Structure formats: structure tokens, C-alpha cells
Amino acid sequence: MSRKGIKYLLLLGLVALLTILPLIPGALNTKWMTTITFATYFAIFVLGWDILCGYTGQISFGHSFFVGASGYTSALLSLYFKWPIWATIPCGVLASLALGLLLSVPALRLRGPYFSLITLIMPLIAIKLVLIFSSITGGELGKSNIPAIPTPVPPCPSDAGPDVCRALFIQYQQYQYYYALGLMALVAIALLIISTSRIGKILEAIRDNEEAVEAAGINTAKFKILAFGISSFVVGLGGAFYVHYLETVLPQEVLSPTRSTEIIIASVLGGMGTIIGPLFGAYAVRLGQEGLREAANHIPALQFLNDWALFIFLALLIVLIFVARQGVLPALVGAPYLRKLKKFRKLGQQSVASKEVS
Amino acid sequence: MRILDVQHLQKSFGGLMAVKDLSFHVDQGEILGLIGPNGAGKTTVFNLIMGVLKPDSGTIRFKEKEITSWPTYQIVNAGVARVFQIARYFKHKNVYENIEISTIPNEVFAFKDAAHLHEKVMTCCECTGLCTCHEHTGHCNCCTQLPGMLPQGALRRLEVARAIGTDPDLLLLDEPFAGLSPQEVDEISHLITQLRQEGQTIVLIDHNMRGLMRLVDRVVVLCFGEKLMEGSPQEVSENPRVQEAYLAGGRV
């Protein structure tokens, strides 16, 4: 099967699994459902990062900037102007897109560390702005009571018992879970289509040798701006929905450098520049950390894991950079399989040849 | 008909005059040799034509259009392609994908027939001798190789294939024989002759005159950024000034 086919198959498998999981009774408690919903939003950010940084090779250390830009725009518009979220979310996405295109101008001139430095500074400036305008943004404490993404689930009636409320809450959680999943699936399919199209091929070629792409008659600036646009659009889309899912907007949740670093970790872990790899990487990072914490809470001998979860992931990343630089997923799916295939073919040919000789 | 017309081209790097008041032209269908000792400014001339460097003064006209200081990709799309002296391929893409990039149009939404592009890539592969395709199955055997695994000669042919992939009217070859074995030199000469028979206009750079003289119709000799002389290969190799510049009086 072609590499493209494997990618679509893996995406289909993942989406199918996540779709079925809540329907199996007892498979997911509310805690895990929430964890997966968080992971799904995180996956959207990682996907947006990969189409720009994984494909063109210019590493952004500050993609939380777009999450925050879009999230704050949408949250504050709906909070202060009481606009419905179907109006504020597009505003958030547009804000993110506009900032992305604006940033792409210096990005075209700067290479390597200078570009990364700019991306590193952007979210820090944004955090500072949030603090300066804390009368509007709520500063460090953020703003809560952001309108949620509406669901058909009615609010809990005041005279109902706790069981009824609990059932409604689970139902509500389920809706939010599927909203996130649907959004992620759409984004992933769109990015898979783009990345396996000619656009993806050109972006990969830019990562390899930009001068040679120019010499092939292709305007690399145009395609880099396009990648920036797609990336900031996708991350903005995820960010806007994310704050309405959270119903709060906090600088440390949407703008923090930790968030940006996690995005990079997930992509490198899964295999940057493949879309599907970072997608799995996103779930692995989020669910893996939560799994370690869960294990620590239930098994007394593993209690140390509570503090060590992130450390273990970072250490794992360093090991992986040495043993499987192209990422876990491509290493699992691609290389060994192909190597074996080649070996078998060679063996086959040799045996045929030796038979002919004898 | 003049396909390329360079007039009074001038370029200096700091105090060094790399190209000095250079004028020459290329006729449709000919092979022009651009020769000169090391450091004569040959590659700089290519860089100026391709828009990699901006000239201080002078004009470059291609097919009646002035292309001076255009960005590289526009010049390529106008119909000039260049084969680099040091291969600049995409090391993570295989031979097929390397050539494919050259055939992709410079548009975000290009609904050009995929089968047409495939055919074009295969033609480039075949005409440069990169792939031997099975007559009946149509299966080609080397397009899946990574360029890093190719020998020098095949790498040079890949570079030519990538250049041809852009459908050039004018092909600039920068020292196509550098670093090749005698056998590979013969193969590349053969390839150039073949391209010429198909009507390809070519400008060829080399500092080694011997291999070049059999291939070219006309020669422009550069020395210290200036045009020393211009003429047929015969005239040039017999000219004492050229011999002086080249081998300090030795025979060429």
C-alpha cells in the first residue's frame, strides 16, 4: 500500500476508535472522556503546527500564540458584546489568520534561529499584553463564564436529584467530546489532502533545498505564506473552539510556552512532516501523561510517577531523537518493513539465480 | 533569431570587477560555449542571467522580453533553466519526485492533469537515460532510488532532467563534465548532442576547452570578467590571445 493509503487508513482507524469508545458502556469514565477531549483539541494545534513547521522545516517555538490570539478574540467578543459564538469563532480564526500572515513576512526573510526566536517571543508579548489590559482580559486569573458550545442537553432542573444531573452532565460531556472529534477529523482530512497534494510536495521540497525549488520555477515565498496561512487558520480554529469548550480563557492555558513546547514534543515524537504521525503523537503525549498520573494514584508503588510524568516524556524524547529521529510512527510503519521487503526480494533473486546456475 | 541577448552587463563584488561590460547573444537552436580560466566570471554570468544576482548595470533580454533582475522562478517560468555545477537535488525525495517538482506549475490551485505530469516526468527520466523502462509493463527501475545513492554521472543526468522538467527554451549547463570519469564525460556529451538534435538551445560553461570544442557551435571567451573574443571553436583555439590567457602561451 502506498504511504498515502497508510495515512488515510491510520486516520480512519483512529477516528473510528474514538467514535466507538464512548459508546461502549464502562469504557470511558467522565474523567477520561474529558482527557480525550482535551487531547483532541491539542491534536488540532499539533496538526496546525506540522503543516507549517514539519513540512517547511522552519520550527516555530510559539504556536500557542495563535491559540491565544484566536481564543482571546472569540472569548472576549462573546463576553463583552454578547455575540453568539458562531459569529465570534470566525472572528477569532480571522484574527489568528491575519496575525499568521503578518508573521510570515519576517519569516520569509529570517532563517533558522532568528525565525525561531521571533516565534518564541510572540506569545511572551501576548502574555504581557494580557496582563497590561487585565481590566479587560482578567489578567493572570483570566475570564470565566465564556459561553459554551451549545448542546441539545438541557440544563439540570433545580428540583432534580443528583443522579439526573449526573446523567445530563455525562451526556453534555459526550456532545463536547464528539464536537471536538468532528472538528479534529475535518482538520486532519483537510491537512492530509493538502499535504499529499502538490502543495505538500512543494513544501517538503522547500525544507530540503529552497534554492532548488526556485530553480524549478516555483515561487517559494508564495507557498511559505500559504503554509503560514493554513497553519494559523487551523490552530486558530482549534483555539477558538477550545476556549468555548473550557468556558474560561487563561493565559497559562492558551498562551503558555509550555503549551508550545508540548506541541513540538508531540510532533517530533510522532514524526514531524507526516501529519498523521504528529496526530498520534498528540494523543500519546496527552493520554500518556494522564495514564502515568492515573497509575500513580492507584498503585502506591508508582506514586513517584505523579511528579515524574513530564520528566519521563522529555527523557523519552531525548532517547527517541537518538534512535528514531524521523518519529515513532514512521519508524514503526515505514523503514523496517521496507528494509525487510528489500531483503526478501534480494534473497529471492539470489535463490533464483543460484537455481539457474545449478 | 536571438533567444538571449546580453548587453553591457556589469557586476562587481566590492572592489572586484567580476563581469565587465559584457555583451553576447545566443541564437535559437545553437550551442554556445562560454569558456575562460578559473575565476573569469562564467558562473557569475549564469547567476546574473538566472536572477540569483542583480547586475550593477546592463540588460538581459530573453525572447524579446527584458528579464534583468526578475526573480529566479519567473525567469525559469519564462523558459530559462540551469544545471548547477554542484548537484542541488532534494535528498529526501527519490529520483522521480525530484523531477516531479520541476514539472509542477507555480500555482496553488492547479488542476493540471496528473497523468500528463506523470508522462512528463517519465519522458525527462527516459531522455536523460536515468531510467530504463520495461517495454511491455511500463515499469521503470531506478526512479525510486534516492539521489544520494547515484553515481556522479547519473546525478548530473538527474540535474539535467530536473532542468528539462521546466520545459526550457534555453538550457544553461554549468561545467557539466566537472568531476566525471572519462566514460561519464562521453555519456554526458552524448546527452548534450541528443538534446541539441531535439532543437534545444544550450549555453555551456567549461574551463576545459578540449571536451567542449566538439560540442559547441560558437565560443565566447571570458577573461577577468571581460570578453576576450568570440568565434568558432576553430578560430578560438587558434587565437594566440586565448592561448596566452589560458595556458600562458601553451597550446590548447
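The structure under discussion appears in the preceding block.
Predicted model, so just to flag it, every value in this text is computed and none were measured.

Conventions adopted
Residues numbered from 1 in each chain as written. Chains lettered and ligands numbered in written order. Predicted model: local features only at pLDDT ≥ 70, side-chain atom pairs only at ≥ 80, totals over all residues. Heavy atoms only, no water. Helix = DSSP H or I, 4+ residues; strand = E, 2+ residues; numbered from the N terminus. Rg over C-alpha atoms; globule rule 2.2 N^0.38 Å. Buried < 20%, exposed > 50% of the residue type's maximum accessible area, 1.4 Å probe, protein only. Contact = heavy atoms within 4.5 Å. Areas by Shrake-Rupley, 256 points an atom, 1.4 Å probe, with all protein chains shown as cover. Patch = residues over 30% accessible without salt bridge, like charges linked within 9 Å, V, L, I, M, F, W, Y side chains within 5 Å. Salt bridge = Lys/Arg side-chain N within 4 Å of Asp/Glu carboxyl O. Pairing = 2+ DSSP bridges. Buried area = accessible area lost by both parts, 1.4 Å probe. Disulfide = S-S within 2.5 Å. Polar contact = N/O pair within 3.5 Å; in protein donor to acceptor, adjacent residues only side chain to side chain. Axes fitted to C-alpha atoms, helices over the stretch in contact; angles between N-to-C directions. Parallel < 35°, antiparallel > 145°, perpendicular 65-115°, else oblique. Left-handed = near helix turned anticlockwise from the far one by under 90°. Nonpolar A, V, L, I, M, F, W, Y, C, P; charged D, E, K, R; others polar. Core = buried A, V, L, I, M, F, W, Y, C linked by side-chain atoms within 4.5 Å.

Undergrad: Explanation requested: the overall build of chain A in the structure shown.
TA: Regarding its fold elements, chain A presents 16 helices and 0 strands. Taking 21 Å as the expected radius of gyration for a compact globule of 358 residues, we find that chain A reaches 23 Å, a close match to that expectation. Over its C-alpha atoms, taken along the principal directions, chain A stretches across nearly 90 × 50 × 40 Å. Within the span of chain A, comprising 358 residues, buried residues form 47% of the whole. Partitioning the contacts of chain A with sequence separation of at least 6, the portion at a separation of at least 24 is 77%. Roughly 17,300 Å² of accessible area belongs to chain A as shown, and the carbon and sulfur atoms make up 70% of that amount.

Undergrad: Is there a simple way to think about a nonpolar patch on the surface in this case?
TA: Taken together, the side chains of F61, Y80, F81, W83, L117, L120, I121, I125, L129, I132, F133 and I136 of chain A make up a nonpolar region of the molecular surface, amounting to roughly 1,100 Å² of accessible area. When residues of the nonpolar patch are assigned to their parent elements, the largest contribution, 6 residues, is made by helix α5 (residues 112-132) of chain A.

Undergrad: Is there a simple way to explain the pairing of strand β1 (residues 2-13) of chain B in this structure?
TA: Side-chain positions along a regular strand alternate between the two faces of the sheet. All names here are of chain B. Looking at chain direction, β1 and strand β2 (residues 16-27) are connected through 8 bridges and run antiparallel. Bridge assignment links R2 to a residue of β2, and that residue is D27. Taking the residues that link successive antiparallel strands as the turn, the β1-β2 hairpin has 2 residues, and the phi of G14 there is positive, at about 60°. Pairing analysis gives 5 bridges linking β1 to strand β4 (residues 57-62), with the strands arranged antiparallel. Counted as the bridge partner of Q10 is S57 from β4.

Undergrad: How should the interface of chain A and chain B be read in this particular structure?
TA: Accessible area lost upon the coming together of the parts serves often as the stated size of an interface. Residue-level contacts link 21 residues of chain A with 26 residues of chain B. A combined buried area of about 2,100 Å² lies between chain A and chain B, and 55% of that area is made up of carbon and sulfur atoms. At the junction of chain A with chain B, the criterion picks out 4 salt bridges. Here R88 of chain B makes a salt bridge to E211 of chain A, at a shortest N to O gap of 2.8 Å. Contributing elements (two or more residues each) for the side of chain A that touches chain B: α8 (198-208), α9 (210-215) and α10 (220-246) of chain A. Examining the composition of the side of chain A that touches chain B, we find that 7 residues originate from one element, α8 of chain A, more than from any other.

Undergrad: What am I meant to see in the state of the cysteines here?
TA: Between two cysteines, a covalent bond joining their sulfur atoms is known as a disulfide. Residues and elements named next belong to chain A. Applying the stated criterion across every chain yields a total of 1 disulfide over all chains. Shown here is the disulfide that connects C156 with C165, its sulfur atoms set 1.6 Å apart. Between C156 and C165 the sulfur-sulfur dihedral comes to about -70°; the bridge is accordingly left-handed.

Undergrad: Please clarify how helix α3 (residues 95-103) of chain B should be interpreted in this entry.
TA: Each turn of an α-helix holds 3.6 residues, which means side chains three or four residues apart point in the same direction. With 8 of 9 residues buried, α3 of chain B is to be regarded as a mostly interior element. Looking only at α3 of chain B, the buried set comprises V95, Y96, N98, I99, E100, I101, S102 and T103 of chain B. Residues of α3 of chain B that are buried sit in contact with α8 of chain A together with α4 (114-127) and α5 (152-164) of chain B. In this structure N94 of chain B caps α3 of chain B, since a side-chain oxygen of it lies 3.1 Å from the backbone nitrogen of Y96 of chain B.

Undergrad: Before we go on, may I ask you to explain the sheet that holds β4 of chain B in this structure?
TA: Backbone hydrogen bonds are what pair the strands of a sheet, in a parallel or an antiparallel way. Residues and elements named next belong to chain B. Pairing within the open sheet is antiparallel, and its 4 strands lie in the order β2-β1-β4-β5. Either end of the sheet is taken by a strand with one partner, and the two such strands are β2 and β5 (65-66). Docked against the sheet, helix α1 (residues 42-49) engages β1, β2 and β4, running at close to 65° with respect to β2.

Undergrad: I would appreciate a short explanation of the packing of helix α3 (residues 64-80) of chain A against α10 of chain A in the present structure.
TA: To describe two helices that pack against each other, one gives the angle between their axes and the distance between the axes. Residue and element names in this part refer to chain A. Closest axis-to-axis distance for the α3/α10 pair is 7 Å, and the angle between their directions is 45°. For the element pair α3 / α10, the angle class is oblique. Crossing of α3 over α10 shows right-handed handedness. Contact residues: α3 offers F66, V67, S70, G71, S74, A75 and S78, while α10 offers S232, V235, G236, G239, A240, V243 and H244. Class assignment for the residues of the contact of α3 with α10 results in 6 nonpolar, 8 polar and no charged.

Undergrad: Help me understand the nonpolar core in this model?
TA: Soluble, globular proteins show a tendency: their nonpolar side chains are buried together. Counting 93 residues, the largest nonpolar core has M184, L279 and Y283 of chain A as its most contacted members. Per element, the largest residue contribution to this core is 16 residues, and it comes from helix α2 (residues 30-56) of chain A. The residues touching M184 of chain A, leaving out its near neighbours within four places in the chain, are L14, V15, L18, T40, A43, I44, L47, L279 and Y283 of chain A. In terms of nonpolar packing, the next biggest core, distinct from the first, is built from 46 residues, L171, L204, L215 and Y246 of chain B among them.

Undergrad: I would appreciate a short explanation of the side chain of T137 of chain A in the present structure.
TA: Residue and element names in this part refer to chain A. Here T137 is to be found in helix α6 (residues 134-137). Judged by its relative accessible area of 7%, T137 is buried. Only 3.2 Å separates the side chain of T137 from the backbone nitrogen of G139, close enough to count as a polar contact. In contact with T137, not counting residues within four places along its chain, are Y72, L76, V130, G142 and K143.

Undergrad: Looking at this model, I keep getting lost on the pattern of salt bridges. Mind explaining?
TA: Two side chains carrying opposite charge are able to pair once their charged atoms lie near each other. Applying the stated criterion across every chain, the model contains 22 salt bridges over all chains. As a salt-bridge pair, R293 of chain A and E290 of chain A come within 3.2 Å of each other at their nearest N and O atoms. A residue pair is termed a helical-turn pair when its members lie 3 or 4 positions apart in one helix, as R293 of chain A and E290 of chain A do in helix α13 (residues 276-298) at 3 residues. Looking at E290 of chain A, the relative accessible area reads 16%, which means it is buried. K120 of chain B is the partner of D167 of chain B in a salt bridge, and the nearest nitrogen-oxygen pair spans 3.2 Å. One end of the pair, D167 of chain B, is in the loop between α5 and β7 (170-174); the other, K120 of chain B, is in helix α4, and 47 residues separate them in sequence.

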